[in-house]
Amino acid sequence: MSPRRPSAPRQQFSERAAAYVRAMVISGEMPPGSQVRVEQVAEALDISTTPAREALQLLRVEGFLKAVQNKGFMVAPLRGKDIRDLFRVQGLLAGELAARASQNATRADLAELEALHLELMAAAARNNNELLEEKNHDFHRQINKLADAEKMLWVLGLTTRYVPRMFYASIPGWPETTMEDHGEILAAMKDSDPERARKTMEEHLRHAGEKLADYFDARLVHEAAAGSAF
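Residues numbered from 1 in each chain as written. Predicted model: local features only at pLDDT ≥ 70, side-chain atom pairs only at ≥ 80, totals over all residues. Heavy atoms only, no water.

Draft legend 1. Main features of the overall build of the protein chain. Scanning the protein chain from N- to C-terminus turns up 9 helices and 3 strands. In the protein chain, the succession of helices and strands from N to C terminus is α-β-α-α-β-β-α-α-α-α-α-α. Counting all 230 residues of the protein chain, 41% fall into the buried class. Counted over contacts in the protein chain with a minimum sequence separation of 6, partners at least 24 positions apart contribute 75%. In the structure as shown, the protein chain presents an accessible area of about 12,900 Å², 53% of it carried by carbon and sulfur atoms. (Helix = DSSP H or I, 4+ residues; strand = E, 2+ residues; numbered from the N terminus. Buried < 20%, exposed > 50% of the residue type's maximum accessible area, 1.4 Å probe, protein only. Contact = heavy atoms within 4.5 Å. Areas by Shrake-Rupley, 256 points an atom, 1.4 Å probe, with all protein chains shown as cover.)

Quick look at the structure:
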C-alpha cells in the first residue's frame, strides 16, 4: 500500500509558509541565528501548525534552517558563496533552455520577447521595481516555454525558488544589468544562434548571482560590525 500524500490544500499551505519564511530569511528580517517557531509561522499566516511544521522541515532540508534540539529551528547562515553556486547551476540550465528556444522561436515569439524587453526598460526608467521584476519574470518564462523541455524546466524551478522574485529589483545595479543582458540574449535569439544564446544567458545568470552575492557578503560584514559594537 503506497503512503498517503498530503491533501492539496495542506500542501499549498506548507508551500506558502515555506515561501514566507524564505523571503524573511533572504530579506534579513530573520537574521542568521534567530529562532523560528512553528507557532509563529502558523499565526502569521493564519494556518494550522501542521503545514507550518512541514514548511520548516522543508527549509531545513534546503539549508535555510537548522534543527536545534529542544529549540525547534534556527536560521542558518547564508553566504555569498552559496548564492554564486546556486546561480552557476541556474546558468547552466537556463543556458541550455535559451539555446533550444533560439532554435524553436518564430517571428511572432521573437516579437513578443522584444515587446516584453521594451516594457521592462520602460518600467526601469520609471523606477517601477514591481513591474520591472514582473516583466523580467515574463521574459525568462517565455524563453523557457519556447525551449519545450519540461523536465529541465522543473529542475530549474527547484533552484530559482531559493530567492524570492521580488527581491532582485532592490539590489543595486540589478536593473541596469538586466536590461543590458536581456538585449544581448534577444539579439542572439533573433540571429537563431543557439550557442550565443546559451553563452549570453549563462553570463546573465552569473551577473545576477554576483550582484546578489555581493549584497549578501556586504550584509554579513555589516551584521558582524553591528554585533561587535555591543
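Still more to cover.
Draft legend 2. The arrangement of the nonpolar core in detail. Counting residues in each nonpolar core, the largest one holds 59 residues, and the members touching the most others are L56, I143 and M189. In terms of residue count, helix α4 (residues 80-104) provides more of this core than any other element does, 8 residues in total. Leave out the neighbours within four places in its chain, and I143 touches L97, A98, A101, L113, I185, M189 and M201. (Core = buried A, V, L, I, M, F, W, Y, C linked by side-chain atoms within 4.5 Å.)

Draft legend 3. Representation of helix α3 (residues 49-62). Under the 1.5 Å per step criterion, the end-to-end length of α3 is 20 Å for 14 residues, consistent within 8% with the ideal 20 Å. Within the span of α3, buried status applies to P51, A52, A55, L56, L59 and E62. One side of α3 holds all its buried residues, which, seen down the axis, span an arc of 140°. In the stretch just after α3, G63 is the one whose phi turns positive, near 100°. (Expected span 1.5 Å × (residues − 1). Arc of directions from axis to C-beta.)

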